[in-house]
Amino acid sequence: MKMNLLYQSLFPASLLPWFIIALFHFFHGYISLCLILTLHLSSHAVVILHRPLLQMDMIEWNKFLQLQRLALWITYSFRNHWDQHFLSLILFVCISLNFKLIRERNITSEVIHTLCVLTYCSTAHIAPIVAGVGCIVLYYYQKKPTKIHWEMKNDVQTYFNLRIGYNYIFAFIEWYLSGMTSGSIILLIFLILLFNVTVFSQIPEEREQGRSEWFDAFNLPNDYPYPLNISDAMERCNTAKKLFKSHQI
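What you see is a predicted model, and the numbers here were worked out from it, not measured in a lab.

1. Some thoughts on the environment of G132
Thinking step 1. Checked against the element boundaries, G132 lands in helix α8 (residues 126–142).
Thinking step 2. Residue class for G132 comes out buried when judged on its relative accessible area of 0%.
Thinking step 3. Once the C-alpha coordinates of G132 and T114 are considered, the two residues, 18 residues apart in sequence, prove to be 9.0 Å apart.
Thinking step 4. Non-local contacts of G132, meaning those with residues more than four positions away in its chain, are made with W73, V117, C121 and I173.

What follows is the structure, given as structure tokens:
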């Protein structure tokens, strides 16, 4: 399977609104909220780069990232009642750094995710409720196992489209609570569209050439994040080395 240069740009770009909101928090002196997003973005970076750290494999890092999402949903519910930034940071840290939860098999289940999202929705207005329901749907389909077969390109693209959509909709929840002006959402959407159009125009379409590369894989473990760049992942991650086998023609 050929590496998809398009998604190697589009998927990290889905974190652009998170980065902009983090900068907004920083420049407005909301340091606790900035720290929350910095920790979350750092975990995203580890998973995107597929570079395990701190003696944790990629499955544990992906579960750690999901635990942070659950912590964010609960924190958002707390912020709807009490706009206490430092207490929000303490709550986020207490939940997301509970490494015992990372070892729980069902911590990434759709049921737990849905429960945390609905907890937030019970305190929210109509727009974020709709966004929350969208996140529930996207996460449900994202959790369906990726089928390994000869022509799995469409399945992998669908998998990354679901993750990209989740990042954008989840960012809307963060924006809604951030205190940014209503007009700022227009600027965020414009920047996202501009970046994505630039990516589409700059990256050439994949064409069949005399020499190409694809990868065979065994059944992917539960909660294993499919790599954006399998070749690089095989150099950095022991799990990827065991899962994928490269071929060239």
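2. Focus on empty space enclosed by the protein
Thinking step 1. One pass over the structure, following the stated rule, counts two cavities of 30 Å³ or more.
Thinking step 2. Taken as a whole, the second largest cavity spans an internal volume of roughly 40 Å³.
Thinking step 3. Surrounding the second largest cavity, F11, V47, I48, H50, F160, R163, P225, Y226, P227 and L228 form its lining.
Thinking step 4. Among the residues forming the lining of the second largest cavity, the class breakdown is eight nonpolar, one polar and one charged.

3. Considering the pattern of salt bridges
Thinking step 1. A complete count under the given rule lists one salt bridge for this structure.
Thinking step 2. For E174, the salt bridge is made with R79, and the minimal N-O distance between the two is 3.8 Å. Within this pair, whereas E174 is found in helix α9 (residues 153–178), its partner R79 is found in helix α4 (residues 58–81), the two being separated by 95 residues in sequence. The two residues E174 and R79 agree in class, both being buried.

4. Some points on helix α2 (residues 16–27)
Thinking step 1. Under the 1.5 Å per step criterion, the end-to-end length of α2 is 17 Å for 12 residues, consistent within 8% with the ideal 16 Å.
Thinking step 2. Within α2 the residues assigned to the buried category are P17, W18, I21, A22, F24 and H25. For α2, the arc enclosing every buried residue in end-on projection is 155°, short of the 170-degree limit, so these residues lie on one face.
Thinking step 3. Just past α2, the residue G29 takes up positive phi, approximately 80°.

5. Description of the packing of α2 against helix α3 (residues 31–49)
Thinking step 1. One can describe the packing of α2 onto α3 by two numbers: an axis separation of 8 Å at closest approach and a directional angle of 155°. One way to sum up the angle between α2 and α3 is to call them roughly antiparallel. The chirality of how α2 crosses α3 is left-handed. The segment α2 lies against α3, with W18, F19, I21, A22, H25 and F26 engaging I31, L33, C34, L37, H40 and L41.
Thinking step 2. Taken together, the residues of the contact of α2 with α3 sort by class into 10 nonpolar, two polar and no charged.

6. Notes on the confidence of the model for the protein
Thinking step 1. Confidence in the prediction for the protein averages 82 pLDDT; 86% of positions are at 70 or higher.
Thinking step 2. Averaged over each element, pLDDT in the protein is lowest for strand β1 (residues 213–217) (49) and highest for α2 (94).
Thinking step 3. Per-residue pLDDT stays below 50 along residues 206–214; that stretch engages in 28 contacts with residues further than four places along the chain or on separate chains.

Cut-offs used in this document
Residues numbered from 1 in each chain as written. Predicted model: local features only at pLDDT ≥ 70, side-chain atom pairs only at ≥ 80, totals over all residues. Heavy atoms only, no water. Helix = DSSP H or I, 4+ residues; strand = E, 2+ residues; numbered from the N terminus. Buried < 20%, exposed > 50% of the residue type's maximum accessible area, 1.4 Å probe, protein only. Contact = heavy atoms within 4.5 Å. 1 Å grid on protein atoms, 1.4 Å probe; cavity = no way out; pocket = protein on both sides within 12 Å on 5 of 7 lines; lining within 4 Å. Points joined across faces, edges and corners; volume = space filled by probe spheres on them. Nonpolar A, V, L, I, M, F, W, Y, C, P; charged D, E, K, R; others polar. Salt bridge = Lys/Arg side-chain N within 4 Å of Asp/Glu carboxyl O. Expected span 1.5 Å × (residues − 1). Arc of directions from axis to C-beta. Axes fitted to C-alpha atoms, helices over the stretch in contact; angles between N-to-C directions. Parallel < 35°, antiparallel > 145°, perpendicular 65-115°, else oblique. Left-handed = near helix turned anticlockwise from the far one by under 90°. pLDDT = per-residue confidence, 0-100.

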